[in-house]
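Observations on the three-dimensional arrangement
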Amino acid sequence: MRAKQEPHPESILVDEEEILTPEQLAAQWAAEAPEAAGPVANLVSSLVVLGLGLAGVLLSLQLGLGTPAEPKPGMWPFIVSLIVAVLSGVQAVIGRTGGTDGEKFSNNSWYAAIGFATLVGMVLLMPVIGFEIPSILLCFIWMRWLGGERWRSAAVYSVVIVAAFYGIFIAALGTTIPRLF
Amino acid sequence: MDFFQPVMDGFGVVLDPTNLLYCLFGVLIGMLIGVLPGLGPAATIAILLPLTYNVEPVTAIIMLAGIFYGAQYGGTITSVLLRIPGEASSVVTVFDGYVLAKQGKAGTALGIAAIGSFIGGTIAIVGLTFLAPVVAGFALDFGPPEYTALALLGILLVATISGGSKIKALIAAAIGLFLATIGRDVFTGAERFTFGNLSLADGIDFVPIAMGLFGVGEILYNLEERHRAASAPMAVANVWPSRKDLKQASGAIGRGSVLGFFLGILPGGGATISSLASYAVEKKRAKDPSRFGKGAIEGVAGPETANNAAATSSFIPLLTLGIPANATMAIIFGALLIQGVTPGPQLITEEPELFWGVVNSMYIGNILLLIMSIPLVGLFVKILRIRAAILAPITALITMLGAYTIRNSMFDVMLVVLFGALGYLMKKFGFEPGPLVLAFVLGSLLESSLRRSLLVLEGDPTGFLTRPISGTLLVVFVIVAVWPMIKTVVSKRKTANTLLSDTKVEEKV
């Protein structure tokens, strides 16, 4: 039985201001989007990649280039590194005025930095004390401080989630993930 | 008979209970993940790659394919209910889908999207069934020079067609090629860029790169991003579209199917471009284009059909040429290699069960998608209400523990985290991770093809141009590479001419 196609009574009262044309919506998204990275970020990222390209060029030369008919191990990495270096050099020049790509780091970027630090911490702690405690800590930090959960719910959910992972990876799948218990 | 027998045998493979179960699982997971804004199909497949290690190759690819096209539909749900595209291919669905939801017709929009996805996907599978053997037969004549040209063109197209800065996309692709050189040289055995580290001697594995860039990179980015905005999903009622809506959408569904199929085959094409193109076509064809953006059902039907058709047809270059058309296909390519299956023109003849099993699983998967999509809308709305604060650490733990199970190596887990940081930074600095992963996957094919070609051609690079197929592909390569520059020059000249004529008019006045 197909439900009769009638709009909800309340929904007939659509807020006209909320209906935006695709162009307006795209403009609204653009306005809400984070600020573009800007010229300094463009230059820094280009220079980092340029450094990688140049290092690749030097290391490839040490491996030897050979000839097109008889290339040595360094030939292909040399070509690729050269492309990296040239493109990033061009980008450093073109991107000096900024552009709209990329995003500026904001105060919220600390959330990503803390997230990364906790992941590194977990990788370092796992082989030493197993995955359980680092995982509980990671869940708790992410929920309480990065997610704004309450203390109690963050603690309870963290333990439940790690117990579930223990059940799946250790008990059911029998993997050799380093563990405490 | 020679053609139909393996096709029919493929149905036997899909109807195996295990494969059916994995197909169902893949579609369901894809839809669920597609619903969660932030994680797209590439990230989902990357994160779930470890699940495929202990199953048969055909089963693994059936599941991954299910995740891919399931996520195409899942992304629609947030576009309609939250005005947030679940992924890039659902961006245009927001325009009319959300307005329809505000008019109390969210169910209609979702229902039409499900029906369109089913029809578009099914038409694309029929196309795939008949076209794939033709392409594979043609590609049997390919030698190393042709593969060199094809891989180069594929990387260039993906880099230049993807959104954002073209030069940054090319830099990302070049870095991908560079990362692929790390490890032992396959021709001489010499170690390159390993710095004596034994773990790097065999090169960097594809999985930590994909899991890091797409999985952890997205997770870190979302940690920052979700503090910006949050909204509650709209209510869903009237899930079934009316006969009038179906009639109005039928043309858009037909056109979307054809458009999506052809755009999906092109390297760098795929679901996103197809949905955008379909929206543009529907708006142009409409008697009253001003309806678009105000709840036009064709604005949902066309793009949603096109993105599913494209998702399906993008398997053609992967399975027949061994060239992934987009980042998600690059990850599936990696998954096939891990399973010991090399995609390419030989696949249809050498592994017909796998080939036709995967192709035919899409028929079944699309039916499952249609059956599940409408009744499960309520569940998806509930999932949207789960707090991101709880989902984020779950996703991170799945990625970390999954990465460990690849080779029981903490080195791999560390690589995932480091590539996660790289993925995050790339996003912040405007570099697309897609071209990097694609170029990394194609890097070894490109190097070995190039070196073999030069051996055959005795070091004479002009030999690439004198062979008809590689020559044509390289000419296309040059056109694609030069076209943006020509376009810029033409548009600058046009602007200059307009300014000049405006100045002349002002002077006369």
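These notes cover the structure that comes with them. (Residues numbered from 1 in each chain as written. Chains lettered and ligands numbered in written order. Predicted model: local features only at pLDDT ≥ 70, side-chain atom pairs only at ≥ 80, totals over all residues. Heavy atoms only, no water.)

Right, let's get into helix α9 (residues 206–225) of chain B. Residues and elements named next belong to chain B. With 20 residues, α9 should cover 28 Å at 1.5 Å per step; its first-to-last C-alpha distance of 27 Å lies within 8% of that length. Its maximal kink placed at G212, α9 deviates by approximately 35°. Burial analysis of α9 places 19 of its 20 residues in the buried class, the great majority of the element. (Helix = DSSP H or I, 4+ residues; strand = E, 2+ residues; numbered from the N terminus. Expected span 1.5 Å × (residues − 1). Bend = angle between axes of the 7 residues up to and from the residue. Buried < 20%, exposed > 50% of the residue type's maximum accessible area, 1.4 Å probe, protein only.)

If you add up the space inside the second largest pocket, you get close to 650 Å³. Looking at the second largest pocket, it is lined by 27 residues, and the ones nearest its centre are V48 and L52 of chain A together with I175, L179 and L422 of chain B. Listed by contribution, the elements that provide at least two residues to the lining of the second largest pocket are α3 (38–63) of chain A together with α8 (166–180) and α19 (410–429) of chain B. Tallied by class, residues from the lining of the second largest pocket come to 25 nonpolar, two polar and no charged. (1 Å grid on protein atoms, 1.4 Å probe; cavity = no way out; pocket = protein on both sides within 12 Å on 5 of 7 lines; lining within 4 Å. Points joined across faces, edges and corners; volume = space filled by probe spheres on them. Nonpolar A, V, L, I, M, F, W, Y, C, P; charged D, E, K, R; others polar.)

Once that is clear, we can look at α8 of chain B. With 15 residues, α8 of chain B ought to run about 21 Å at 1.5 Å a step, and its terminal C-alpha atoms sit 21 Å apart, in line with that. Of the positions making up α8 of chain B, those classed as buried are I167, K168, A169, I171, A172, A173, A174, I175, G176, L177, F178 and L179 of chain B.

Further remarks concern a nonpolar patch on the surface. All names here are of chain B. Together, V475, V478, I479, V482, W483, M485, I486 and V490 make up a nonpolar patch on the protein surface, roughly 730 Å² of accessible area in all. Positionally, W483 belongs in helix α22 (residues 468–508). Residue W483 is classed as partly exposed on the basis of its relative accessible area, which comes to 48%. (Patch = residues over 30% accessible without salt bridge, like charges linked within 9 Å, V, L, I, M, F, W, Y side chains within 5 Å. Areas by Shrake-Rupley, 256 points an atom, 1.4 Å probe, with all protein chains shown as cover. Salt bridge = Lys/Arg side-chain N within 4 Å of Asp/Glu carboxyl O.)

What follows is about the pattern of salt bridges. All names here are of chain B. In this structure the tally under the stated criterion is 14 salt bridges over all chains. The partner of E298 in a salt bridge is R291, with the nearest N and O atoms 2.5 Å apart. Accessibility expressed as a relative area gives 9% for E298, which makes it buried. You can call R291 partly exposed: its relative accessible area is 28%. Beyond isolated ion pairs, a larger network of salt bridges with shared partners links D185, R192, E447 and R451.

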